[in-house]
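Given next are the chains, with one letter for each unit.
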Amino acid sequence: MKTKTKKIYSTILIMISFALFLLLETELTLNKTESIRMIQWGIKFCIGLISVLLSIPMLLKEKNRKQSVLSIVLFFFLLGDTSINLSFLAGGILFSIGHILLLVCLLYKSRPVKGILIVFGITYLVFLTLNLCFLNKNGVLLTAGFLIYSLIISLLEAISIRFNNQIRIGVLLFVLSDFMLMLNIGLGNSLMFGHFARFIYYSSVMVLATAKLECNDNRDIWGVT
């Protein structure tokens, strides 16, 4: 079996495992106690730790700074995911640090081609519209925070189009999970919707964890230079 095929099968298997984890977590949430909260925290920590460990083989293979940054980013995502239920602000800051590190890494030696500007404009417009729709419910402060955060992830989505398909897919899933999180908060925190958003997030970190941080020259997805 080819290495690429093995990687695909491994990623699918991991995603199925996480789906089962989330089903378990859903059941636990219905009967939440302090012990149950600790179990849920442990599940989150294990998933985050697996993503960091999965990034190590590619790091050892490539042995470059960008691949090292990707492993560090996954570690910040682990910290953000395990702390966000204790403090939404602290978790959001840790996630933002991870996003910014990844963004700086992808921006290195990049230039603003048309495709990147178009993707950034469309992505941020979607997030802007979403957050303004819930302005009265979320309040000015939370909406402003979300819009700043949206600026970072929109840039991340835009610049990712210069990279290989696995990076593009991983970043896209991450942006989608953030969109669903903001939508869920605006709608009043639906339990099942929140778990579905989390599954997409876990899928994104697994895709990124096994990815090679490789730029496709100076071309974007439409071949514009």
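Refer to the preceding data block for the structure.
Everything in this summary refers to the structure shown in the same document. The model shown is predicted, which means the values in this text are computed figures rather than measured ones.

Further remarks concern the packing of helix 5 (residues 114-133) against helix 6 (residues 135-159). Running from N to C, helix 5 and helix 6 point in directions that differ by 165°, and their axes come no closer than 8 Å. Taken together, helix 5 and helix 6 sit at an angle that is classed as roughly antiparallel. Crossing handedness for the pair helix 5 and helix 6: right-handed. Taking contact as the criterion, the partners of Ile116, Val119, Phe120, Thr123, Tyr124, Phe127, Leu128, Asn131, Leu132 and Cys133 in helix 5 are, on helix 6, Leu135, Thr143, Phe146, Leu147, Ser150, Leu151, Ile153, Ser154, Leu155, Glu157, Ala158 and Ile159. Tallied by class, the residues present in the contact of helix 5 with helix 6 amount to 16 nonpolar, 5 polar and 1 charged.

Time to look at the packing of aromatic side chains. Tallying each qualifying case throughout the model produces 10 aromatic pairs. Relative to Phe76, the ring of Phe75 lies with its centre 6.5 Å away and its plane at 70°, an arrangement referred to as edge-to-face. Relative accessible area serves as the criterion here: at 40%, Phe75 is assigned to the partly exposed category. Ring geometry for Phe120 and Tyr124: centres 6.1 Å apart, planes at 15°, overall stacked. Highlighted residues: Phe120 and Tyr124, both in helix 5, separated by 4 residues, approximately one helical turn. Grouped by ring-pair contacts, the aromatic residues Phe77, Phe95, Phe174, Tyr201 and Tyr202 constitute a single cluster.

Generally speaking, a soluble globular protein has its nonpolar side chains buried in company with each other. Counting residues in hydrophobic clusters, the biggest one holds 43 residues, and the most contacted among them are Phe77 and Phe174. Secondary structure elements with two or more residues in this core: helix 2 (34-62), helix 3 (65-83), helix 4 (88-107), helix 5, helix 6, helix 7 (165-187) and helix 8 (191-209). Looking at this core element by element, the count peaks at 7 residues for helix 6. Those residues in contact with Phe77 that lie beyond four places of it in its chain are Phe95, Gly98, His99, Phe174, Tyr201 and Val205.

On to the environment of Arg37. For Arg37, the location among the structural elements is in helix 2. Arg37 gets classed as partly exposed once you look at its relative accessible area, which sits at 42%. Remark: the alpha-carbon pair of Arg37 and Asn85, spanning 48 residues in sequence, is separated by 9.7 Å.

Once that is clear, we can look at helix 7. For helix 7, built from 23 residues, the straight-helix expectation of 33 Å at 1.5 Å per residue is met to within 8% by its first-to-last C-alpha distance of 32 Å. A positive phi of about 110° marks Gly188, the residue just after helix 7.

Now for the pattern of salt bridges. On inspection of all chains with the given rule, the structure shows 1 salt bridge. The residue Asp81 makes a salt bridge to Lys44 at a minimum N-O spacing of 3.9 Å. Of the two residues, Asp81 sits in helix 3 while Lys44 sits in helix 2, which places them 37 residues apart along the sequence. Lys44 shares its class with Asp81; the two are buried.

Cut-off values and rules
- Residues numbered from 1 in each chain as written.
- Predicted model: local features only at pLDDT ≥ 70, side-chain atom pairs only at ≥ 80, totals over all residues.
- Heavy atoms only, no water.
- Axes fitted to C-alpha atoms, helices over the stretch in contact; angles between N-to-C directions.
- Helix = DSSP H or I, 4+ residues; strand = E, 2+ residues; numbered from the N terminus.
- Parallel < 35°, antiparallel > 145°, perpendicular 65-115°, else oblique.
- Left-handed = near helix turned anticlockwise from the far one by under 90°.
- Contact = heavy atoms within 4.5 Å.
- Nonpolar A, V, L, I, M, F, W, Y, C, P; charged D, E, K, R; others polar.
- Phe/Tyr/Trp six-rings, centres within 6.5 Å; stacked < 30°, edge-to-face > 60°.
- Buried < 20%, exposed > 50% of the residue type's maximum accessible area, 1.4 Å probe, protein only.
- Core = buried A, V, L, I, M, F, W, Y, C linked by side-chain atoms within 4.5 Å.
- Expected span 1.5 Å × (residues − 1).
- Salt bridge = Lys/Arg side-chain N within 4 Å of Asp/Glu carboxyl O.

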